[in-house]
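One-letter residues, chain by chain:
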Amino acid sequence: MSGEAVTTQTVIARHTRPVEASSTWRRTDRLGLAICWLLGLLFCAIAASIVIFMMVQGIRYLSPSLLVTRPTAGFSQSQTGGFLDPLIGTVVVALLGVAIALPIGVTIAVWLTEYGRPFALARAAESTIEMLAGIPDIVLALFGLLIFSSPILGFLSRTSGHVVFGRSFFAAGAMLSLVALPLIVGSTREGLQAIPAHIREASLAVGKTRFATIRRVLLPTARPSVITGTMLGLGRIIGDTAIIVVLLGATLTLNQAGGTPVISLLKGTGSTLTSFIYENAPTGEANQPNKAYAAAFVLLLVVLALNLCVDVVGRRGRVVSWSS
Amino acid sequence: MEFMSPPPVRWLDPDREAPPAAAPGQHEPERTPEQAPVTQNGSAPATSFVSAPRRRVQASHFALDRMQIEDVSISYTENTAVRGANVKGKAAVRSVSLPVRQGEVLALIGPSGCGKTTLLRSLNRLTEMTRGASLEGRITLDGVDITTIEPTLLRRRVTMVFQQPNPFPMSVFDNIAYVLREMGSRRPRKRALEGPVLDALERAGLLEEVRADLDHPALRLSGGQQQRLCIARALAVQPEVLLLDEPCSALDPQSTQVIEDLIVRLREEVAVVIVTHNLQQAYRIADNVGFMYLGELVEYGTVGSVFGSPRQQRTRDYVSGAFG
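Residues numbered from 1 in each chain as written. Chains lettered and ligands numbered in written order. Predicted model: local features only at pLDDT ≥ 70, side-chain atom pairs only at ≥ 80, totals over all residues. Heavy atoms only, no water.

Caption draft 1: Main features of the overall build of chain B. A tally of helices and strands in chain B yields twelve helices and ten strands. When the 324 residues of chain B are sorted by exposure, 57% land in the buried category. Within chain B, contacts between residues at least 6 apart in sequence are counted, and of these 72% link residues at least 24 apart. When the accessible area of chain B is evaluated, it comes to approximately 13000 Å², of which 52% is carbon and sulfur surface. (Helix = DSSP H or I, 4+ residues; strand = E, 2+ residues; numbered from the N terminus. Buried < 20%, exposed > 50% of the residue type's maximum accessible area, 1.4 Å probe, protein only. Contact = heavy atoms within 4.5 Å. Areas by Shrake-Rupley, 256 points an atom, 1.4 Å probe, with all protein chains shown as cover.)

Take a look at the structure:
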């Protein structure tokens, strides 16, 4: 009875005004609405104030010359140079991390979604990935130091005699790939799971192998999800500090190890924007806050740009859909 | 190859209300084109089934046995299966025996969850993809047990089209080229595949409509065109048997008509098995009809006998619309 009455009311309401007036709501509902508004605005205000503060501070101290000069030791703003090396370091670490995490992550996601056998191992792998996402990165960093200081992995970092330094772009990139891995796996799995089962069967039913189906149909269809996951992972890698500080060495400049062009860079130590900010923050060793603000502004821009990419890709990705 | 041997099961008993008109069409190996239309249409009044005129105007000139389904039972041991009638350990299909012939369209009719689709999927071993499905009995393709044929090879000879139009998210051309290419590779190149691709589109009656936009995404086509593309895809590998799982249920009447015409035309080139809920459709396009109910093949015979003078009470009820 009352249900009918409500229905009629809504129909009438729909004709008269497009949105139901919250003034007709119960008091508790209105209170809830008010709290939602309050929290939403607060959240936006916090985010906006961070961005605006960093912008104001950053733009004040940022000059193009900072981007192309190397950091040097010194005691004043004019002596300490720019952050070319940290910028290069950020790019190298990000590329290295993604280069490791992307193929592994996609493979794991395909295995979990498309095969899932042996069942027990798949479940174990699933929870391992989830656990990995929950491990604090400083713990990963310490563990990485332990691993990469072992003599067997000496070829990945600087060595003197029998002592392995254990700190290099290789070491940092490898551990940072673990930070990105859960995001890539999660996003790719989601993308694959969203593909209806009859698409897989359609491919199998015309005599294609599972491999061909995955390679030519499923992964291309899930590409937007893979890209989204990679972007998110990239954001995490670029923003990570603990692993960089511990595993990339405490040098602000790039210190190459050995003579081979690219390998020497990757075996060597260096810094990224995050470790540069860390060192230059008022509590850091270098203590050049102005440089820190400028670098933080650049870092923020990069991460915001990545998030924008995720949004764009996510919106584009919805094009593929079958009539259901 | 054997010509028109009578199917081993539940064949119309000649001395028990055998329809005088329907019999010659099925028992004589060499059917003449003139005989068939008269017999099929003339035997309607036994039930209240009323239909539109049949699409096929004359019987096929020949019929050869392609597949034999011999005493096949399929059961799902776990409750993980997708299709109906598969409660734990329950048989979805119970000792069904049927011939599948080239030159004739075999329609499987019956209510939902009665094993039609399961039986269809077992013909190219797609049931094996369902966890917990087990099959007893024997299915042969040209005299060879299909379990001895490598699945991808089998599925190239026995292809399937699904209920949902499900072109892959690539261009119209690539949808068919993908099927023709080996494994996951991109070879052979586009130029070399042009002939077979156009030929497949031609056979599916789609070429004229899409000739100009072979490079457009297949998902931009209309539903009916998408489904014909799926049929073209299934025909591209020159199969011997074409399985259709309710190919028209997601389509509008006009597209349905185009596809029905296509199916009737195709039966000379491939053996066609179609699962349909639509009795009218079965009547319009089929030569032989199998009525399945709760996993059993209740009745099998020519379209005239099943619709015109069904032997079983259940068939009579079903075709006259008493249940379903």
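Once the structure has been displayed, the description carries forward.
Caption draft 2: Layout of the overall build of chain A. Of regular secondary structure, chain A possesses 13 helices and two strands. In chain A, once contacts between residues fewer than 6 apart in sequence are set aside, the share between residues at least 24 apart is 68%. On chain A, roughly 17700 Å² of surface is accessible, and the fraction owed to carbon and sulfur atoms is 69%.

Caption draft 3: Structural detail: the side chain of Thr140(B). Residues and elements named next belong to chain B. Position of Thr140 among the secondary structure elements: in strand 4 (residues 133–141). On the accessibility criterion, Thr140 (3% relative accessible area) is buried. Once you skip the residues sitting within four places of it in the chain, Thr140 turns out to touch Arg66, Met67, Gln68, Glu70, Asp145 and Ile146.

Caption draft 4: Looking closely at the pattern of salt bridges. Residue and element names in this part refer to chain B. For the coordinates displayed, the defined rule picks out 18 salt bridges over all chains. Between Arg66 and Asp142 there is a salt bridge, with its nearest N and O atoms 2.9 Å apart. Here Arg66, found in strand 1 (residues 64–76), pairs with Asp142, found in the loop between strand 4 and strand 5 (144–145); they are 76 residues apart in sequence, far enough to count as distant. Looking at Asp142, the relative accessible area reads 32%, which means it is partly exposed. Among the charged side chains, a network of salt bridges with common partners joins Arg66, Asp142, Arg157 and Glu240. (Salt bridge = Lys/Arg side-chain N within 4 Å of Asp/Glu carboxyl O.)

Caption draft 5: Inspection of the packing of aromatic side chains at higher detail. In the structure shown here, the tally under the stated rule is seven aromatic pairs over all chains. Relative to Phe307(B), the ring of Tyr283(B) lies with its centre 5.5 Å away and its plane at 90 degrees, an arrangement referred to as edge-to-face. Placement of Tyr283(B) in helix 10 (residues 279–285) and of Phe307(B) in helix 11 (residues 303–308) is noted, with a sequence separation of 24 residues between them. When sorted by exposure, Tyr283(B) lands in the same class as Phe307(B), which is buried. A network of ring pairs unites the aromatic residues Phe53(A), Tyr61(A) and Tyr293(A) as a single cluster. A cation sits over an aromatic face here: Arg123(A) above Phe119(A), 4.8 Å from the ring centre. (Phe/Tyr/Trp six-rings, centres within 6.5 Å; stacked < 30°, edge-to-face > 60°. Lys NZ or Arg CZ within 6 Å of the ring centre and 35° of its normal.)

Caption draft 6: Spatial organisation of the packing of helix 5 (residues 172–180) of chain B against helix 6 (residues 190–203) of chain B. Residues and elements named next belong to chain B. Put simply, helix 5 and helix 6 touch, their axes get as near as 9 Å, and they point 100 degrees apart. Overall, the two elements helix 5 and helix 6 adopt an arrangement that is roughly perpendicular. Touching Val172, Phe173, Ile176, Ala177 and Leu180 of helix 5 are Lys190, Leu193, Glu194, Pro196, Val197, Ala200 and Leu201, all from helix 6. In terms of residue class, the contact of helix 5 with helix 6 is built from ten nonpolar, no polar and two charged. (Axes fitted to C-alpha atoms, helices over the stretch in contact; angles between N-to-C directions. Parallel < 35°, antiparallel > 145°, perpendicular 65-115°, else oblique. Nonpolar A, V, L, I, M, F, W, Y, C, P; charged D, E, K, R; others polar.)

Caption draft 7: Spotlight on the side chain of Arg189(A). One can find Arg189(A) in helix 7 (residues 169–193). With a relative accessible area of 14%, Arg189(A) lands in the buried category.

Caption draft 8: Region of the structure containing the confidence of the model for chain A. Averaged over chain A, the pLDDT score is 85; the fraction of residues at 70 or greater is 92%. Within the model, pLDDT remains below 50 along residues 1–10 of chain A, and this stretch shows zero contacts once partners closer than five positions in the same chain are excluded. (pLDDT = per-residue confidence, 0-100.)

Caption draft 9: Local environment of helix 9 (residues 253–266) of chain B. All names here are of chain B. Given a rise of 1.5 Å per residue, 14 residues ought to cover 20 Å, and the 20 Å separating the end C-alpha atoms of helix 9 matches this to within 8%. Looking only at helix 9, the buried set comprises Ser255, Thr256, Ile259, Glu260, Leu262, Ile263, Val264 and Leu266. Buried residues along helix 9 sit against strand 3 (105–109), helix 6, helix 8 (223–236), strand 7 (241–245), strand 8 (271–275) and helix 10. (Expected span 1.5 Å × (residues − 1).)

Caption draft 10: Spotlight on the pairing of strand 9 (residues 288–293) of chain B. All names here are of chain B. When you tally the buried positions in strand 9, you get five out of six residues, the bulk of the element. Looking at chain direction, strand 9 and strand 10 (residues 296–302) are connected through six bridges and run antiparallel. Of the residues in strand 10, the one forming a bridge with Tyr293 is Glu296. Linking two consecutive strands that pair antiparallel, namely strand 9 and strand 10, is a turn of two residues; a positive phi of about 50 degrees is found at Leu294 within it. (Pairing = 2+ DSSP bridges.)

Caption draft 11: How the structure looks around the interface of chain B and chain A. Between chain B and chain A, the contact holds 32 residues from the first and 25 residues from the second. Note on chain B versus chain A: buried area summed over both sides is about 2400 Å², and carbon and sulfur give 60% of it. Scanning the region where chain B abuts chain A turns up one salt bridge. Linking Glu201(A) and Arg121(B) is a salt bridge whose minimum nitrogen-to-oxygen distance equals 2.9 Å. Our count for the contact surface shared by chain B and chain A stands at six residue pairs in polar contact (both at pLDDT 80 or more). (Buried area = accessible area lost by both parts, 1.4 Å probe. Polar contact = N/O pair within 3.5 Å; in protein donor to acceptor, adjacent residues only side chain to side chain.)

Caption draft 12: Just the environment of Val272(B), in detail. Residue and element names in this part refer to chain B. Its place among the elements puts Val272 in strand 8. For Val272, a relative accessible area of 1% gives the class buried. The sequence separation of Val272 and Leu106 amounts to 166 residues, and the corresponding C-alpha distance is 6.2 Å. Apart from the residues within four sequence positions on either side, Val272 is in contact with Arg101, Glu104, Val105, Leu106, Leu242, Leu244, Ile263 and Arg267.

Caption draft 13: Representation of the packing of helix 8 (residues 197–204) of chain A against helix 9 (residues 210–239) of chain A. Residues and elements named next belong to chain A. At a closest axis distance of 9 Å, the pairing of helix 8 and helix 9 adopts a crossing angle of 125 degrees. Classified by the interaxial angle, the pair formed by helix 8 and helix 9 is oblique. Handedness of the helix 8/helix 9 crossing: right-handed. Between helix 8, through Ile199, Arg200, Ser203 and Leu204, and helix 9, the contact on the second element is made entirely by Arg210, Thr213, Val217 and Leu218. (Left-handed = near helix turned anticlockwise from the far one by under 90°.)

Caption draft 14: Looking closely at helix 13 (residues 289–316) of chain A. Residue and element names in this part refer to chain A. The terminal C-alpha atoms of helix 13 lie 40 Å apart, and with 28 residues this matches the ideal 40 Å at 1.5 Å per residue to within 8%. Here helix 13 has its buried residues at Lys291, Ala292, Ala294, Ala295, Ala296, Phe297, Val298, Leu299, Leu306, Val310 and Val313. In this structure, the buried side of helix 13 is in contact with helix 2 (27–61), helix 3 (64–68), helix 4 (84–115), helix 9 and helix 12 (273–280).

Caption draft 15: Representation of unusual backbone geometry within the structure. In this structure, Pro118(A) follows Arg117(A) across a cis peptide bond, with omega equal to 0 degrees. Following the sequence through the fold, Pro118(A) ends up in the loop between helix 4 and helix 5 (119–134). You will see that Asp142(B), though not glycine, has its phi angle at about 50 degrees, which is positive.

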